[in-house]
Structures are given as structure tokens and as C-alpha cells.
Amino acid sequence: MMTTPIERAADSFAAELSRRRVERGMTKKQLAARMGFDPSYVSHVEGRRHRPTEDFARRAEAVLGAAGAIWQRFQEYDELRQARSSAVAHRDPPVPEQWMPPGTGLIVEQETATLAYHEGAYRCVIRRALYNAGTEPVTRYLVRIAVDRYPNDPARSNRHHRENPLTFAELDLQAFCDDQGNREPMEWRKKHDRDAFKEVWLLFENGDGRFPLYPGERITTEYSYRVNQDKWGQWFQRAVRLPTRRLALRLDLPLDLEPQVWGVETSLSAEEGPLRTPLVRHDEGGRALFEWSTDDPPLNARYRLEWRYRAQPAAPAAAAPPESAEGRASDRMRAAGIVQLGADLLRQPARHFDLPRDDANARDVVARLRAALERLDELHPFSKGVGLAAPQIGLPWAAAVVRPPDRDAEPVVLLNPRVVDAALETDEQYEGCLSLFDLRGLVARPLRLDVEHARWDGKRMITSFELAMARLVAHEIDHLEGRLYVDRMDPEVPLVPIEEYRDTGNPWRY
């Protein structure tokens, strides 16, 4: 059967998607969960029954880390599709373009982020032109506000925000949307409230009614907030969390402070480096205006502007307070034999046992893990349960021991574990790690996890874990794959110092 160029391009995209997914050892269901799609939609795209969309392609590229290959295949397909659409539209009479199945999320067609400094305070205004490329009406979307007074001195910054927490009252958060020419106030609802980090839902509603964004519709939203200079460091960062076609940053600073501004960027596939294009500056009315923009930024990319005021002396460095008699949490873990962040072993995939031939070695590794957990009980109350992977005690083997929150329950031994299925439903909880125990981080995990693992005799079995145990097991399997929980965090959500974390000693809530 003959196929058209656009059909062949769509087939090429589907084949590249399938190949990358298999290389990562992910099922279609797992990929769908990470991308935020229904599993049937992923199956249909791979099976050539649905054509790819921009939203789908961007999310697949971000999840699979395909170094641009998936996005390139989509662009090849999209160029052909647009060329066909243009040709069809110019026919007489015009023929409407065939509708392609939409994605499930919002697309940011234009984001303009402005930060201005006036009389000791910074005012941030974020304006977004949104398009609903999905199949369901959108009634809210999430925004994050994070501050960092001393970005080059985390310990000092954490102490500062602990003593001077950011509050919603001082933020004066306001939100509006332009709905068919009408400027409608948007209500908002708190999701997370930390000393230096806020997360809120912007709602498509107010006291006069609701105005959901339906599939195929567009709307422009704007939200703004104010932060005093004593809580805002000299940096302004935007993270790309939704598919975005154009991102523009604008910095508005007093000319008499002689600001010097530069920018850096990073992504899932590239380390931090300078912005690829220069900032544009122009001065007017006693203000120095710095502007920068980019088209089609990749998902999870971060763009940060930094500056210094040459007419203002640098603030003196504060002396660090003395450590407590117990010392820092990470130092206590290091003294107990736990490998700490920065060690190469934590970033290397663990070696699998050849069972039953490696039975004696495997039992020795597990015994050492159990002994380490017993030592740790003297240092910290693990009310949420606790796990330990072999690389964390300096052993390169694929073994982990996980003790449930119920101290009377038997610990779970995992040898050569592999996730074979996961629930689509996830939740976000704060996790700690023995290898970076000074911090806690907010991580999304599946509420159910099916894990294939080995018995001592080498035979394989599958065990299903739920809720807290699913989170603990997923955390340890990440260790065995050379991954830490910080790799799964949203890039804009800050880590929380253990001194600020308020749920030590409390189990996770479900």
C-alpha cells in the first residue's frame, strides 16, 4: 500500500518514540504516567492510529531524554503537515484541515516575565497566553514562587528565611485573566506554604462565576506579587514546566545603581552555561531595561538572570553559627558509614548478582545492609520507614533492604529489582535520603509499584507495593539505577533544610 510523505513522517516519529521507550526499559503505561497522558493515547500514537501533537512530542522528549531525536522527528512531521494545510487552505473553495487528536495539557503560546526593582522591593509580573490543547476543560493551573536571599551561600540563605519567612500577606498576590476582552480577577488557593517557597492554584473563577478554558480555546492570564529586597536575592529564574512556544524575560532596574546583568541556562540534557543569545539593554527614564527571549524552549529548561549593583557595596558575609553538639545530620550519617552526595558510586548503576552462583556474596551484602540499619536506629527515628541500598554503604551491588513504617513488619530484601508496572495515580510527599540527610525534597511517586526481583535461588518474583512502601521501594530502586530523589523534583521547587522541615517523626499521610 502506498503511503504519503506525511504518513511516513508520522510513522518515523512513532518508531523513534517506541525505540527510546524500550531503551529506557519503560512500559507504555509507565511512559504515559510520566507524561501525564492516558495509556491508550500513548499506545495509539506508537501504533500509528493517532498523529503526534506538539504537546505530546515535547513531553515525550523531556521524559525520555532523547537528546532532541523525538522532537526532530516531530518537526519533520509538523513541517509536512503545515505545508499540506497551507496548500489545502488556498484551494478554491477552501478545504478545512483534518483535525489531529489533541494532547491533554495546556500550551503556553507566549510567556512574558517582568521583574522590576523600586524603592527596596521587587515586583514580579508573569503574563501568559494559554491554549488548551487537551480534551478536557481546564479550571486551574499551578504557579510557584521561590525566593533565595543568598543564592551562592545556601546555609546562610536557609537560616535567613527560617528567621524571616516569606508570607502570603506581604506577597500581595493578584491574578487576572483576559476573557473575551474582559479583565476578570482570578481567585487562588494555597497548595504548599514553606519559608522560602509557595505553591498556589490559580483558579478560573471568582465571586461572580466560573470561566473554564475549554479545549481549543485561548486565554491570557497575568499574576503578580511583591517581595522586599531583604528576602529576594539578585537573580530571576523561569523554569519551563508546560510546553512553551515563546518565553521572554524582562528586568527593570534603577540606572543610578549601575546594574550589571548576565544570564545562564540549563536543561535535562545540558549542564549550566551562558545564555545562547545576548541580553539586549536600553536605558530610558532613569531605568536600565534588560530583555531576552527564546522560541520553543525545551521542557524543564531553566533560564536565570543574575545581576550586581556596581554603585552599591557588597553585603558583608555573615559568620556561620556554631554547629550543635550533635553536629550536622549528614556528618552523623557519614560517621555511621553512609556514602554521601558527591561520591561517584551514587551515580553509577549497580551490578546485578548472578544468582544462585553469587548467593554467598548476596547474603553478605544484605547482612551488611541490615547491620547498617541497626546502627542508624540510634541516630534517627525512622517513623516513615527506612531503606538502604548497597551503593550507600560503598558496595556496587544491586541489593537493598527496606523496612516498612510498621516496625514489627519484616524488612523487604530486594535483589536485582526492576519496576515492571506503576499506578497512574501519584502523590507528592517530602522525602529524605541518608546520603543527603541535611535536606528534604518534595517528590511525586506512584501510589502503587509492581517490582520484579530475584530470590536467593535466582528465580524471579513480582511483588506489589502500595502507598508508603511504594515510595520507599521506588527510592531505593532509584539508588540502584544511579539516581537520587533530587533528580525527580521539579527544578523550581527548593530543597528544605532539615531544621525547617516540620514533619520529622510523623508518617506520610494518605
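Residues numbered from 1 in each chain as written. Predicted model: local features only at pLDDT ≥ 70, side-chain atom pairs only at ≥ 80, totals over all residues. Heavy atoms only, no water.

K.L.:
Tell me what's going on with helix α9 (residues 359–376), and back it up with residues and numbers.
P.N.:
Here α9 spans 26 Å end to end across 18 residues, near enough to the 26 Å set by a 1.5 Å rise per residue. Of the residues making up α9, those classed as buried are A362, V365, V366, L369, A372, L373 and L376. With its buried residues spanning 120° around the axis, α9 presents them on a single face. Facing away from the buried side of α9 by over 90 degrees, the exposed positions are A360 and E374. Against α8 (329–335), β18 (386–389), β19 (399–403) and β20 (412–415) lie the buried residues of α9. (Helix = DSSP H or I, 4+ residues; strand = E, 2+ residues; numbered from the N terminus. Expected span 1.5 Å × (residues − 1). Buried < 20%, exposed > 50% of the residue type's maximum accessible area, 1.4 Å probe, protein only. Arc of directions from axis to C-beta. Contact = heavy atoms within 4.5 Å.)

K.L.:
Quick one: what's the story with helix α10 (residues 467–480), residue by residue and with numbers?
P.N.:
The end-to-end C-alpha distance of α10 is 20 Å, a good match for the 20 Å that 14 residues give at a rise of 1.5 Å each. Just beyond α10, the residue with positive phi is G482, at close to 80°.

K.L.:
I'd like a rundown of the environment of L255, residues and numbers included.
P.N.:
With respect to the helices and strands, L255 occurs in the loop between β12 (246–254) and β13 (259–267). Once the C-alpha coordinates of L255 and A311 are considered, the two residues, 56 residues apart in sequence, prove to be 9.7 Å apart. Not counting the four nearest positions on each side in its chain, L255 is found in contact with R281, D283, G286, R287 and A288.

K.L.:
Hey, could you go over the packing of aromatic side chains for me, with residue numbers and the actual values?
P.N.:
Any pair of aromatic rings gets described here by the distance separating the centres and the angle formed by the planes. For the structure on display, the rule yields 14 aromatic pairs. Residues F168 and W188 carry aromatic rings whose centres are separated by 5.3 Å and whose planes lie at 25° to one another, so their mutual orientation is stacked. A residue pair is termed long-range when its members are at least 10 positions apart, and F168 in helix α7 (residues 168–171) and W188 in strand β6 (residues 188–193) qualify at 20 residues. Relative to W397, the ring of F353 lies with its centre 4.9 Å away and its plane at 10°, an arrangement referred to as stacked. Here W397 lies in the loop between β18 and β19 and F353 lies in the loop between α8 and α9, a separation of 44 residues in the sequence. Here W397 falls in the buried class, since its relative accessible area comes to 14%. (Phe/Tyr/Trp six-rings, centres within 6.5 Å; stacked < 30°, edge-to-face > 60°.)

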